[in-house]
Structures are given as C-alpha cells and as structure tokens.
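A look at the structure
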Amino acid sequence: MKSVRAVAMAMAMLVATVGVASAQSATDQMMGRHTMEGKVMSVSAKTGWVHVKTDEGTIIVHFPPAELAGVKKGDTISVDLAMKDNGPAKPKAASRK
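One structure accompanies this document, and this report is about it.

Considering the side chain of lysine 84
When you line up the elements, lysine 84 lands in the segment after strand 5 (76-83). Notably, lysine 84 is buried but unbridged: the nearest opposite-charge side chain belongs to aspartate 85, and the N-O separation is 7.3 Å. For lysine 84, the side chain forms a polar contact with the side chain of asparagine 86, separated by 3.0 Å.

Written out as structure tokens, the structure is:
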C-alpha cells in the first residue's frame, strides 16, 4: 500500500478561524497534538474530504483539494492533529421577522 503523509491542524473536524491575541504564534497555543494513522476509506479530490479508518474509529477531515491528487482509497496515511480552544461560542443574534 502506498503511504502518504498528510498534515491537518484541526479542532474537532474543522478548523475555526484563529485570531492571535498575543505575541505567541498560533502553533504555540495548540494542545493535544498527536498523529493518527489509518486507511483511506473514501476520498474526494474534488471537494477535499477524506474518510480515514483508524484504530480509534473513523475520522473525516478536509484538505485543500489539490493536496489529494495522489491519495487513493486503500492508501495508508498519517494525519497530525492539534486543537486550540477559542473560548465560548458567540451567541447568535436574534432574527427579526
């Protein structure tokens, strides 16, 4: 099986827009870093979504579509993960009817 190295900085499954409020870089604020290796169960080079079956379960991650040109179903890939706590979610504004 072809081995492909992919890198994803993710919070949950999607990365939120990160604003850096201090002199530290965004990567300095990341926590929970780890690597998960798994088998590609499905991949869409058109949309950028990849389903990866790992020992811990299946994860669904997004990459820039161009980065998936050589990735195929059945490949083994490693995904590097980290998360950043962006604080409480902002309440949605009440809609007027």
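Once you've had a look at it, read on.
Some details on the environment of leucine 68
Mapped onto the secondary structure, leucine 68 falls in the loop between strand 4 (57-62) and strand 5. Overall, leucine 68 belongs to the buried group, its relative accessible area being 4%. Distance in space between the C-alpha atoms of leucine 68 and lysine 46 is 8.6 Å, their sequence separation being 22 residues. Apart from the residues lying within four places of it in its own chain, the contact partners of leucine 68 are Val43, Ser44, Ala45, Gly48, Trp49, Val50 and Phe63.

Things to note about the environment of isoleucine 60
Mapped onto the secondary structure, isoleucine 60 falls in strand 4. With relative accessibility at 34%, the residue isoleucine 60 sits in the partly exposed group. The spatial distance from the C-alpha of isoleucine 60 to the C-alpha of valine 50 is 5.6 Å, given a sequence separation of 10 residues.

What counts, and at which threshold
Here, residues in each chain are numbered from 1, in the same order as that chain's written sequence. Only residues with pLDDT of at least 70 are given local features in this predicted model, and only at 80 or more are side-chain atom pairs given and counted; all residues enter the totals for whole chains, interfaces and linings. With hydrogens and water set aside, each side-chain value is computed from the structure's full complement of heavy atoms. Secondary structure follows DSSP: runs of H or I at least 4 residues long count as helices, runs of E at least 2 residues long count as strands, and numbering of each begins at the N terminus. Type-normalised accessible area, obtained with a 1.4 Å probe on protein chains alone, sets the label of each residue: buried when under 20%, exposed when over 50%, and partly exposed for intermediate values. Think of it this way: Lys and Arg go in the positive column, Asp and Glu in the negative one, and His and the chain ends go nowhere. By definition here, a salt bridge exists when the distance from a side-chain nitrogen of Lys or Arg to a carboxyl oxygen of Asp or Glu is within 4 Å. Any pair of N or O atoms that falls within 3.5 Å is considered a polar contact. Within protein, one atom must be able to donate a hydrogen and the other to accept it, and sequence-neighbouring residues count only if both atoms are side-chain atoms. Any two residues whose heavy atoms approach within 4.5 Å at even a single point are treated as in contact.

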